[in-house]
Amino acid sequence: GLTVLDPDSGRVLVDRANLELRQGEIVGLFGLLGSGVVETAMALFGAWRGSVTGAIRLDGKTVELTDPSRAVQAGIGLIAQDRRDGLSAEHSIFDNAILANLPAISSRLGFIDVITARRQTQDLFDRLRIKANGIDTLVGELSGGNQQKVQVARWLAAGVRVLLPIDPTRGVDVGARAQVNRIWRELADDGCAILLVSSDAEGLVDTADRAFVMRGGRITNQLDRDSLTEEALLRFATGVWPMDLK
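Since this is a predicted model, take the numbers as computed values, not measurements.

## Some remarks on helix α8 (residues 174-189)
The end-to-end C-alpha distance of α8 is 23 Å, a good match for the 22 Å that 16 residues give at a rise of 1.5 Å each. Within α8 the residues assigned to the buried category are A176, V180, N181, I183, W184, L187 and A188. Along the axis of α8, the buried residues cluster in a sector spanning 150°; they form a single face. Turned more than 90 degrees from where α8 packs its buried face, V174 and D189 sit exposed.

The following block contains the structure:
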């Protein structure tokens, strides 16, 4: 019953959405511009400025995600649609990677365990195959695909159980896109639950185990793996079969 309102006009942007995400699963949330998919993810992360109603349950228990800090505490991470909203280009890979994990690597007096933090960041740097001279490289010097990997590193460091990537392959090249999609599968295999919010039908077909489709703020369809095709996603997202457009 997730309902999301526009903070300025009060207009309903997401209307009583229902979805379920399971551990170790990649679920797509597909929709075109204005469909409500981005607003849904922002609301689930506690980052939507307007009114949000409905019940969000984690392991069967209702959680109040009124701001991003509560979502992080609950083990939920979000990868922003615009990398500039999720990364500080003027800071290093190391600085960006530890932001969501500061409480765990800090003492009671607020001092960061730099040795442990750098070792952890180096391990993630190697695991994600980030192409850079090292973890002290400024994020602004990285390619789009490697910047996305830094966002993934941040949430891996924080030990998230649920990840909400929003159009994570937008603006990255074909090679980096394949690498990022590989990362989602590895994370799911490790037990993470991933709600992959996307307007890229081809990418979802290649990656997701199943997908929800949104149109006009409502979830209109759910497609399992066998019925998950580009044509089906676009048909349900637009309400028009491709052949009808000819």
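## Considering the sheet that holds strand β4 (residues 52-53)
The antiparallel open sheet is built from 3 strands, whose spatial order is β2-β1-β4. A single partner strand is all that each edge strand has here, and the edge strands are β2 (12-17) and β4. Where strand β1 (residues 2-5) lies against β2, 3 bridges are found, and the strand directions are antiparallel. Across the sheet, the residue bridging to L2 is A17, located in β2. Running over the sheet, helix α1 (residues 37-44) touches β1, β2 and β4 and is turned about 105° from β1.

Thresholds, definitions, all that
- Residues numbered from 1 in each chain as written.
- Predicted model: local features only at pLDDT ≥ 70, side-chain atom pairs only at ≥ 80, totals over all residues.
- Heavy atoms only, no water.
- Helix = DSSP H or I, 4+ residues; strand = E, 2+ residues; numbered from the N terminus.
- Expected span 1.5 Å × (residues − 1).
- Buried < 20%, exposed > 50% of the residue type's maximum accessible area, 1.4 Å probe, protein only.
- Arc of directions from axis to C-beta.
- Pairing = 2+ DSSP bridges.
- Contact = heavy atoms within 4.5 Å.
- Axes fitted to C-alpha atoms, helices over the stretch in contact; angles between N-to-C directions.

Don't take any of this as a statement about function, it's just geometry.
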